[in-house]
Amino acid sequence: MSSNFQAPKGVNEYVPPRSAIYLAARDAFAAVATRAGYSYLELPVFEDTALFSRGVGESTDVVSKEMYTFEDRGGRSLTLRPEFTVGVLRSVLQHNLHRGELPVKVWATGPAFRAEQPQHGRYRQFYQVDLEAIGSEDPAVDVETIALAWDWYRELGLTRHSLHLNSLGCRECRPVYRAALQEFLRGLDLDEATRARIELNPLRVLDDKRPAVRAQVETAPVVTDYLCGACKTHHDKVRELLADLEISWVDDPRLVRGLDYYTRTTYEFDHPLLGAQSGIGGGGRYDGLSEDIGGPPLPGIGFGLGLDRTVLAMEAEEAAAATVAGVTVYGVPLGEEAQRRIFGLVAALRRAGIAADMSYDGKKLKGAMRGADRSGAAYAVILGERDIAAGSAQVKDLASGDQVAVPLDEIVTTLKERLSQP
RNA sequence: GUGGGUGUAGCUCAGUCGGCAGAGCACCAGGUUGUGGUCCUGGGUGUCGGGGGUUCAAGUCCCCUCACUCACCCCA
């Protein structure tokens, strides 16, 4: 231990060299979203507590026991966002983006917070990329979001993830199913907590992983048998379009998500190499959410994908790109005057768009050259008393070992020229 | 929140019955007064997670605590 302080329990930090994987994944998502016409949204990390309790739902675990809630100095109750979707919708409504052309297509990224027992892949501060299409009921939009997530995973080199798909129905047909399910569940032999869940959030019982519960719900009624005509048509269209895009999925009528706002299309991405925390992302339609938080009727669909678990999946599949932050040119000064000139030269190289670094602290030649080697640079620029007297510096090709003297005022152009050649 | 496992050098880990804190890699210095990567030589860089207890003696045994981790739960 090098300090008395350590990061708070359950937070996940990205430090070099691993942070490069995180950054590459996030940047790749920005590209995927942007080329599909999604605009960036930067949101507050905390919101009015009531936004989450109304949006996500009082009956969810997320709201009832996992929120970081605090009172600010003005006595307002605020909560660190436990997810993105409601905040995105709140912002879209607040800024009247839905008054323009629909759907409103936006994406966001950053940390989210839930006070859970930490585990590998489950953190109290975790990171997501989020994407939402608001204001359209078209099943093509449902599939567009799925396809973008899918393409992102593929672009990152993942091959083993799977897509699970379900439809949860709408406010017409879901209550009918819910009642049927409750009736079935009440007849089972279950523990007290689970019995309570039957009344509060019966669909979640289907998600129980315990073998004893699993076996009993085997014969439970499934939601897809209860879909109304409109929901069924929608769901069939989604599956048809998915097939068109050659995305494979498994129909999972037991797929339930832990947030109350989902309607119709619901999906989840899993990765087999992550143990219990196998859900790497999920999303779905939330056609009633706008009204739940006091907005106009406005359908929507979107997803949140876990950056932490995606990075873990990349590492598990050994797909993590070996992106090492490196420079192209490395300055090696010998002596004070040389250090001053190299410092200026490195700045000039950077201004010319060439990635450059240098040796500090008056390191001896050997140590400075070692630094050049480790920097990954293609060229070292070595400058000592003799070179200054001659008005030139030594430009060394670190791969071949060849070294030539170049006049000081021609170094930037010389290197630029050399680097532009293949 | 519940139940189990682990915590020793920067990293991966060994440490027997309680008896001088170790290995590999990494790192640093030198071999080379102005030339890296290879090679050779030398160097342990440590709050044995933290606190307390037992003991002549604790990395090792006991208690508490913190963190990580596995499963439940939850979900990203």
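Residues numbered from 1 in each chain as written. Chains lettered and ligands numbered in written order. Predicted model: local features only at pLDDT ≥ 70, side-chain atom pairs only at ≥ 80, totals over all residues.

For the record, the criterion: UniProt positions are given in the numbering used here, feature names are shortened, and annotations may be inferred rather than shown by experiment.
The name given to chain A in an unreviewed UniProt entry is Histidine--tRNA ligase, with Actinoallomurus iriomotensis as the source organism. Turning to chain A, the UniProt annotation filed under Sequence similarities (unreviewed entry) states: "Belongs to the class-II aminoacyl-tRNA synthetase family." Under the Subunit (unreviewed entry) heading, UniProt states for chain A: "Homodimer."

A closer look at the overall build of chain A
As a reminder, the rule being used: Runs of E in the DSSP output that reach at least two residues are strands. Runs of H or I that reach at least four are helices, and both are numbered from the N terminus. Each radius of gyration reported is based on C-alpha atoms, and the globular scaling rule is 2.2 Å times the count of residues to the power 0.38. Working definition of burial: number of other C-beta atoms within 10 Å of the residue's own, with buried at 20 or more, exposed at 12 or fewer, and partly exposed in between, all C-beta atoms being placed from the backbone. Note on contacts: each residue gets a C-beta atom placed from the backbone, and two residues are in contact if those atoms are within 7 Å.
A count of helices and strands for chain A gives 15 helices and 16 strands. A globule of 422 residues ought to have a C-alpha radius of gyration of about 22 Å, yet chain A, at 28 Å, is considerably larger. A principal-axis box enclosing the C-alpha atoms of chain A has dimensions of 90 × 50 × 45 Å. For chain A, the residues scored as buried account for 38% of the 422 residues in total. Excluding contacts between residues fewer than 6 apart, the proportion of contacts in chain A whose partners are at least 24 apart in sequence is 70%.

Focus: the domain arrangement of chain A
Rule in force here: Here the limits of each domain have been adopted from an automatic or database domain assignment.
Per the domain assignment, the segments making up chain A are domain 1 (19-173 + 227-316) and domain 2 (329-420). Averaged C-alpha coordinates put domain 1 and domain 2 at centres separated by 49 Å.

Some details on the sheet that holds strand β3 (residues 69-71)
Selection criterion: At least two bridges found by DSSP between two strands are what make those strands a pair. In this analysis an axis means a line fitted to C-alpha atoms, helices contributing only their contacting stretch, and an angle means the value between N-to-C directions, from 0 to 180 degrees.
Here three strands make up an open sheet; going across it, the order is β2-β4-β3 and the pairing antiparallel. One side of each edge strand has no neighbouring strand; the edge strands of this open sheet are β2 (46-48) and β3. The average angle at which neighbouring strand axes cross in this sheet is 35°, direction not considered. In this sheet, strand β4 (residues 77-80) lies alongside β3 in antiparallel orientation, the contact comprising three bridges. In the sheet register, Glu71 faces β4, and the bridge partner there is Ser77.

As for the nonpolar core
Heads up, the rule is: Any nonpolar core is a set of buried residues, restricted to Ala, Val, Leu, Ile, Met, Phe, Trp, Tyr and Cys, that join up through C-beta atoms within 7 Å.
Ranked by size, the top nonpolar core spans 75 residues in total, and within it Val106, Trp107 and Ala149 carry the most contacts. The greatest single-element share of this core, amounting to eight residues, is contributed by helix α5 (residues 139-155). For Trp107, the residues in contact, after removing those within four places along its chain, are Ala33, Tyr38, Tyr40, Leu41, Val129, Asp130 and Leu131. In this structure, Met358, Ala372, Val381 and Ile411 belong to the second largest nonpolar core, which totals 24 residues.

Here's the deal with the sheet that holds strand β1 (residues 39-40)
The eight strands are arranged β1-β5-β6-β11-β10-β9-β7-β8 in an open sheet whose pairing can be described as mixed. Since the sheet does not close on itself, it has two edges, and those belong to β1 and β8 (250-251), each with one partner. Inspection of the sheet shows β1 paired to strand β5 (residues 104-113) by two bridges, in the parallel sense. Opposite Ser39, over in β5, you have Val106 as the bridge partner. Where helix α4 (residues 85-94) meets the sheet, it contacts β5, β6 (125-134) and β11 (300-306), and its direction lies at approximately 45° from that of β6. Strands in contact with α5 are β6, β7 (162-167), β9 (263-270), β10 (279-285) and β11; relative to β11, the strand with the most contacts, it is inclined by about 15°.

Comments concerning the environment of Thr60
When you line up the elements, Thr60 lands in the loop between α2 (49-55) and α3 (61-65). Under the C-beta neighbour-count criterion, Thr60 is labelled buried, with 21 such atoms within 10 Å. Placed 24 residues apart in sequence, Thr60 and Ala36 show a C-alpha to C-alpha distance of 32 Å.

Overview of unusual backbone geometry
A cis amide bond links Pro16 to the next residue, Pro17, at an omega of 0°. With respect to the helices and strands, Pro17 occurs in the segment before α1 (19-34). Here the bond from Leu102 into Pro103 is cis, since omega is 0°, no more than 30 degrees from zero. Relative to the elements of secondary structure, Pro103 occurs in the loop between α4 and β5. Phi at Glu246 takes a positive value of approximately 60°, unusual for a residue other than glycine. Within the secondary structure layout, Glu246 lies in the loop between α9 (229-244) and β8.

Examining the pairing of strand β12 (residues 329-333)
The element β12 is largely enclosed, with a buried count of five among its five residues. Alternating positions in β12 separate into two faces, Val329, Gly331 and Pro333 on one and Tyr330 and Val332 on the other, with burial throughout. Across three bridges, β12 lies against strand β13 (residues 356-358) in parallel orientation. From the neighbouring strand, Tyr330 faces β13, where its bridge partner is Asp357.

Things to note about the protein's contact with RNA strand B
To keep it simple, the criterion reads: Residue proximity rests on one test: whether the C-beta atom, placed from the backbone, lies within 6 Å of the molecule or strand. In the scheme used here, Gly and all other residues not listed as nonpolar or charged are polar, with Ala, Val, Leu, Ile, Met, Phe, Trp, Tyr, Cys and Pro taken as nonpolar and Asp, Glu, Lys and Arg as charged.
Every one of the 56 residues lining RNA strand B counts as a neighbour, but His120, Gly258, Gly306, Gly384 and Arg386 are closest to it. Mapped onto the surface near RNA strand B, the elements with two or more residues apiece are α3, β6, β10, β11, α11 (307-316), α13 (365-375), α14 (385-390) and β15 (392-397). For the surface near RNA strand B, the element with the most residues is α13, which contributes six residues. Here the residues of the surface near RNA strand B sort into 14 nonpolar, 20 polar and 22 charged.

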